[in-house]
Amino acid sequence: MTANDFTFTDTSEKLSATLGKLIGKLDGHTITLRELMATIGEQGLLLVCAIASLPFLIPVSIPGVSTVFGAAIIMISIAITLNRMPWLPARILDKQMQTSKLLPALEKGIAIVSKLDNYIRPRLPALTGSHVANRINGLAIMAAGVLLMLPLGLIPFSNTLPAIAILLFSAGMIQRDGFFVVGGYTFLVLTVVYFSVLAYLALIAGQGIGGLFAE
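Cut-offs used in this document
Residues numbered from 1 in each chain as written. Predicted model: local features only at pLDDT ≥ 70, side-chain atom pairs only at ≥ 80, totals over all residues. Heavy atoms only, no water. Phe/Tyr/Trp six-rings, centres within 6.5 Å; stacked < 30°, edge-to-face > 60°. Helix = DSSP H or I, 4+ residues; strand = E, 2+ residues; numbered from the N terminus. Buried < 20%, exposed > 50% of the residue type's maximum accessible area, 1.4 Å probe, protein only. Axes fitted to C-alpha atoms, helices over the stretch in contact; angles between N-to-C directions. Parallel < 35°, antiparallel > 145°, perpendicular 65-115°, else oblique. Left-handed = near helix turned anticlockwise from the far one by under 90°. Contact = heavy atoms within 4.5 Å.

A.B. asks: Is there a simple way to think about the packing of aromatic side chains in this case?
C.D. replies: Where two aromatic rings form a pair, the distance of their centres and the angle of their planes describe that pair. Across all of its chains, the model carries two aromatic pairs by this definition. Residues F169 and Y185 carry aromatic rings whose centres are separated by 4.8 Å and whose planes lie at 90° to one another, so their mutual orientation is edge-to-face. In this pair, F169 sits in helix 8 (residues 160-175) while Y185 sits in helix 9 (residues 178-214), placing the two residues 16 residues apart along the sequence. Using a relative accessible area of 0% as the deciding quantity, one classes F169 as buried. Pairing Y194 with F195 gives two aromatic rings, centres 6.2 Å apart and planes at 45°, and the pair type is tilted. For Y194, a relative accessible area of 23% translates into the label partly exposed.

Structure below.
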């Protein structure tokens, strides 16, 4: 991909329909992120973020997906912030993911997205209608992507909360719905609060265990 400037094109098509068409094109035993992005095209960066968030909305474990999709979300968010096409390392772009395990998660994720379609519509244009707003939103997606990649997969909601934030940001920016972008910021804050509480509890537990050995 080149490093040329780009803009996001909104669409009147429902997000679930767009994702459904894309997933319908996926075949073969394995797929790489390079192949996925080639299918979507350069104007579908936010769709990549939306798709990458879907497997984390349901209680399923897909080996390698967190690293690949998390890295993709972060690099794409940096591209959004800098208003440039993204660069991704070959080891991320060409890592093989099993289609048989990925597709069911994406299909279930579409069922969730289809419910969002009933509420999403253009509103609060100040949050999606300018390069400045999109760059700020890009930073927020990057923060959510970093939280998504933290090695806390076994802790309930540690992947789900940032994934919801990413999905709301992506859907809101694609469909020009600032209300959904606000929802993305809300879940991003909830994620930070949740992780802060986990860190505090871990610290307290560590001090307690340390006190037992000190006695």
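A.B. asks: What's the story with the packing of helix 7 (residues 131-149) against helix 8 in this structure? I'm lost.
C.D. replies: How two helices pack is summed up by the angle between their axes together with the distance between the axes. For the pair helix 7 and helix 8, the least separation of the axes is 8 Å and the interaxial angle reads 155°. In terms of orientation, helix 7 and helix 8 fall into the roughly antiparallel class. Handedness of the crossing formed by helix 7 with helix 8: left-handed. Within the contact between the two elements, helix 7 uses N134, N137, A140, I141, A144, G145, L147 and L148 and helix 8 uses P162, A163, A165, I166, F169 and M173.

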